[in-house]
Amino acid sequence: QVQLVESGGGLVQPGGSLRLSCTASGSIFSIDAMGWYRQAPGNQRELVAVITSGDSTNYADSVKGRFTISRDNAKNTVNLQMNSLKPEETAVYYCNAVGKRAWGFPLDAWGQGTLVTVSS
């Protein structure tokens with residue numbers, strides 16, 4: 001079993017900041033990449049940012065320059081610093097981890113999601 005636990009969501013005013021964190025635990029052998037996705041009501045889930053074990057990053061064009069993803073490999077933790085938030089970024093944010101579980105089985109796990117509401 002692998003668990004991803006997210007924290008840090010909440011209500012923030014437009015232009016404000018929030019920091020999301022996610023920690024993976026359980027029968028993990030290695031994590032190749034961790035990332036954040038979001039899903040707004042009526043929309044498909046979309047990539048926000050991803051970071052590899054080698055610290056390569058990829059961001060959605062809409063968040064470049066405002067969001068920063070970081071990772072602590074030793075703690076299997078990924079963080080997302082979100083600045084200058086916009087109302088249209090209101091969504092449930094999900095953490096994802098891909099890699100290998102114990103015994104070599106593939107790992108592709110999701111957190112339960114944390115709600116980010118950007119509103120005045």
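Predicted model, so just to flag it, every value in this text is computed and none were measured. Here the residue index of a chain counts from 1 through its sequence in written order. This being a predicted model, a pLDDT of at least 70 is required before a residue's local features are given, and a value of 80 or more before pairs of side-chain atoms are given or counted; all residues contribute to the totals for chains, interfaces and linings. Only hydrogens and water are set aside when side-chain values are computed; all heavy atoms of the structure are taken into account.

**Considerations on the packing of aromatic side chains**
Pairing of aromatic side chains requires ring centres within 6.5 Å, counting the rings of Phe and Tyr and the six-membered ring of Trp. Pairs whose planes differ by under 30 degrees are stacked, by over 60 edge-to-face, and all others tilted. Tallying each qualifying case throughout the model produces one aromatic pair. Between Tyr37 and Trp110 the ring centres are 5.0 Å apart and the planes differ by 65°, which places this aromatic pair in the edge-to-face class. With Tyr37 in strand β4 (residues 28-39) and Trp110 in strand β10 (residues 106-110), this residue pair connects regions lying 73 residues apart in the sequence. Given the relative accessible area of 22%, Tyr37 is considered partly exposed. Above the plane of the ring of Tyr94 lies Arg45, whose end atom (NZ or CZ) is 3.7 Å from the centre. The rule is short: NZ of Lys or CZ of Arg within 6 Å of the ring centre and within 35 degrees of the ring normal puts a charge over the ring. Across the ring face of Trp110, the terminal group of Arg45 is positioned such that the distance to the ring centre comes to 4.7 Å. Only runs of H or I of at least four residues qualify as helices and only runs of E of at least two qualify as strands under DSSP, and these elements are numbered from the N terminus. The cut-offs for exposure are 20% and 50% of the maximum accessible area for each residue type, with area from a 1.4 Å probe on protein chains only; residues under the lower value are buried, those over the upper are exposed, and the others partly exposed.

**Some details on unusual backbone geometry**
A positive phi angle, close to 70°, is found at Asp55, a residue other than glycine. Along the chain, the position of Asp55 falls in the loop between β5 (46-52) and β6 (57-59). Its identity as a non-glycine residue notwithstanding, Ser84 has a phi of 50°, on the positive side. By the element assignment, Ser84 lies in the loop between β8 (77-82) and β9 (91-101).

**Points about the sheet that holds β8**
Taken in spatial order, the four strands make up an open sheet running β1-β3-β8-β7, and their pairing is antiparallel. In this open sheet, the two strands that pair with only one neighbour each are β1 (2-7) and β7 (67-72). Pairwise comparison of adjacent strand axes, ignoring direction, gives a mean angle of 15° for this sheet. In terms of strand pairing, strand β3 (residues 18-26) meets β8 through six bridges, oriented antiparallel. Within β8, the position partnered with Cys22 by the bridge is Val78. What makes two strands pair is DSSP finding at least two bridges between them. Axis definition: a line fit to C-alpha positions, over the contact stretch in the case of helices; interaxial angles, taken between N-to-C directions, run 0 to 180 degrees.

**As for the nonpolar core**
To qualify as a nonpolar core, a set must consist of buried Ala, Val, Leu, Ile, Met, Phe, Trp, Tyr and Cys residues joined through side-chain atoms within 4.5 Å. The biggest cluster of nonpolar side chains holds 32 residues, and the ones touching the most others in it are Trp36, Leu80 and Met82. Contact criterion: two residues are considered in contact whenever any of their non-hydrogen atoms come within 4.5 Å of each other. Beyond its immediate stretch of four places on either side in the chain, Met82 contacts Gly16, Ser17, Leu18, Leu20, Arg66, Phe67, Tyr93 and Val116.

**Some remarks on the side chain of Arg66**
Tracing the backbone shows Arg66 in the loop between β6 and β7. For Arg66, a relative accessible area of 14% puts it in the buried group. By the criterion applied in these results, polar contacts are pairs of N or O atoms within 3.5 Å in which, for protein atoms, one can donate a hydrogen and the other can accept it, and in which residues neighboring in sequence qualify only through two side-chain atoms. Engagement of the side chain of Arg66 in a polar contact is seen with the backbone oxygen of Ser62, the distance being 2.7 Å. At 2.5 Å, the side chain of Arg66 and the side chain of Glu89 are in polar contact. Beyond its immediate sequence surroundings of up to four residues, Arg66 is in contact with Gln81, Met82, Asn83, Ser84, Leu85, Lys86 and Glu89.

**Observations concerning the state of the cysteines**
Two cysteine sulfurs form what is called a disulfide whenever their separation falls within 2.5 Å. Taken as a whole and assessed by the stated rule, the structure comprises one disulfide. Each sulfur in the disulfide pair Cys22 and Cys95 lies 2.1 Å from the other. Between Cys22 and Cys95, the disulfide has an S-S torsion of -80° and is therefore left-handed. Taken together, the residues span a long stretch of sequence, with Cys22 in strand β3 and Cys95 in strand β9 at a distance of 73 residues. Judged by relative accessible area, Cys22 falls into the buried class, the value being 0%. When its relative accessible area of 0% is taken as the criterion, Cys95 is described as buried.

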